[in-house]
Structures are given as C-alpha cells and as structure tokens.
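# Coordinates in review
Single-letter residue listing:
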Amino acid sequence: MSAVDDAVFILNQANISGIDAIEGNNLPQELVDSKDKTVVLITDAANDPASFGNDDFWALNQEVEVQIWYSQQLETDPEDIEVSLMKAFVH
C-alpha cells in the first residue's frame, strides 16, 4: 500500500463527524464543484529514501498532504475536525 492509501484507510476507519468524503490523489468532478460537502483530499508530499547502509537505502520516509474543503453549511467546528484528523493519525 502507498502512504496515500494508508492515510485514506485510517481516516475512513476514524469516521470523523463533519467529513462527507475522503479521497486519495484525485477528486471526482462532482466533489470539485460541491459546496455542500466537506471534502478531504490526501496526496503524496514526499517519498524519500532513508536508513542507508551498504551503499543502499532500506527504508522510506513517506509524507502525505491533507487538504480540506469545508461545506458552506458546515455545522461542526472546523477545529474539531482538524484535531480529530490529527488524533486519527497519531493513534
């Protein structure tokens, strides 16, 4: 699995209140134009070799970027959503 797939899986399992859709890498057109859904997009930010030894690397430092577009009718505090996202990744 890629880091993006892992992050999408983690957030889907967290079932965070206020998030209507979680996508990896691309947004479907219906979500691009949506103003009534809170959408999370996860993309790769870095994929760097790490832990070098014997003239080779044997680990990767992978990072993802999380972008959030909030619904215009949002009933949840955006800070609650963001804290829940961070806690999901930590746990």
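As the structure is a computational prediction, the values presented were derived from the model and not from experiment. (Residues numbered from 1 in each chain as written. Predicted model: local features only at pLDDT ≥ 70, side-chain atom pairs only at ≥ 80, totals over all residues. Heavy atoms only, no water.)

### A few points about the packing of helix α1 (residues 3–14) against helix α3 (residues 78–90)
- Where α1 meets α3, the axes come as close as 10 Å, and the angle between the chain directions of the two elements is 115 degrees. At the point where α1 passes α3, the crossing takes the right-handed sense. Facing α1, whose interface residues are Ala7, Ile10, Leu11 and Ala14, α3 presents Leu85, Ala88 and Phe89. (Axes fitted to C-alpha atoms, helices over the stretch in contact; angles between N-to-C directions. Helix = DSSP H or I, 4+ residues; strand = E, 2+ residues; numbered from the N terminus. Left-handed = near helix turned anticlockwise from the far one by under 90°. Contact = heavy atoms within 4.5 Å.)

### Examining α3
- In a regular helix each residue adds 1.5 Å, so 13 residues correspond to 18 Å; α3 covers 19 Å between its end C-alpha atoms and thus fits that length.
- Where α3 is concerned, the buried positions are Ile81, Leu85 and Ala88. For α3, the angular spread of the buried residues around the axis is 65 degrees, confining them to a single face. Structural note: α3 exposes Glu79, Met86 and Val90 on the side pointing more than 90 degrees away from its buried face.
- Against the buried residues of α3 lie α1 and β3 (56–69). (Expected span 1.5 Å × (residues − 1). Buried < 20%, exposed > 50% of the residue type's maximum accessible area, 1.4 Å probe, protein only. Arc of directions from axis to C-beta.)

### Topic: the environment of aspartate 77
- Positionally, aspartate 77 belongs in the loop between β3 and α3.
- Taking C-alpha positions, aspartate 77 is 8.5 Å from glycine 18, a pair spaced 59 residues apart along the chain.

### Focus on α1
- Here α1 contains twelve residues, and its C-alpha end-to-end distance of 16 Å stays within 8% of the 16 Å for a straight helix at 1.5 Å per residue.
- Of the residues making up α1, those classed as buried are Ala3, Val4, Ala7, Val8 and Leu11. Projected down its long axis, α1 carries its buried residues within an arc of 135 degrees, all on one side. Opposite the buried face of α1, at more than 90 degrees from it, the exposed residues are Phe9 and Gln13.
- Looking at the buried side of α1, the elements it contacts are β1 (21–24), β2 (39–53), β3 and α3.
- Two residues or fewer past α1, asparagine 15 is found with a positive phi of approximately 50 degrees.

### A look at a nonpolar patch on the surface
- On the surface, Phe9, Ile10, Val66 and Phe89 cluster together to form a nonpolar patch covering roughly 320 Å² of accessible area.
- Along the chain, valine 66 falls in strand β3. (Patch = residues over 30% accessible without salt bridge, like charges linked within 9 Å, V, L, I, M, F, W, Y side chains within 5 Å. Areas by Shrake-Rupley, 256 points an atom, 1.4 Å probe, with all protein chains shown as cover. Salt bridge = Lys/Arg side-chain N within 4 Å of Asp/Glu carboxyl O.)

### Observations concerning the sheet that holds β1
- With mixed pairing, three strands are arranged side by side in an open sheet as β1-β2-β3. The sheet is open, and its two edges are formed by β1 and β3, each paired on a single side. Ignoring which end each strand starts from, the neighbouring axes of this sheet average 30 degrees apart.
- Relative to β3, β2 runs antiparallel, the two being bridged by 13 bridges. Paired with aspartate 48 across the strands is asparagine 61, a residue of β3.
- Against the sheet, α1 touches β1, β2 and β3, its axis set at about 130 degrees to β2. (Pairing = 2+ DSSP bridges.)

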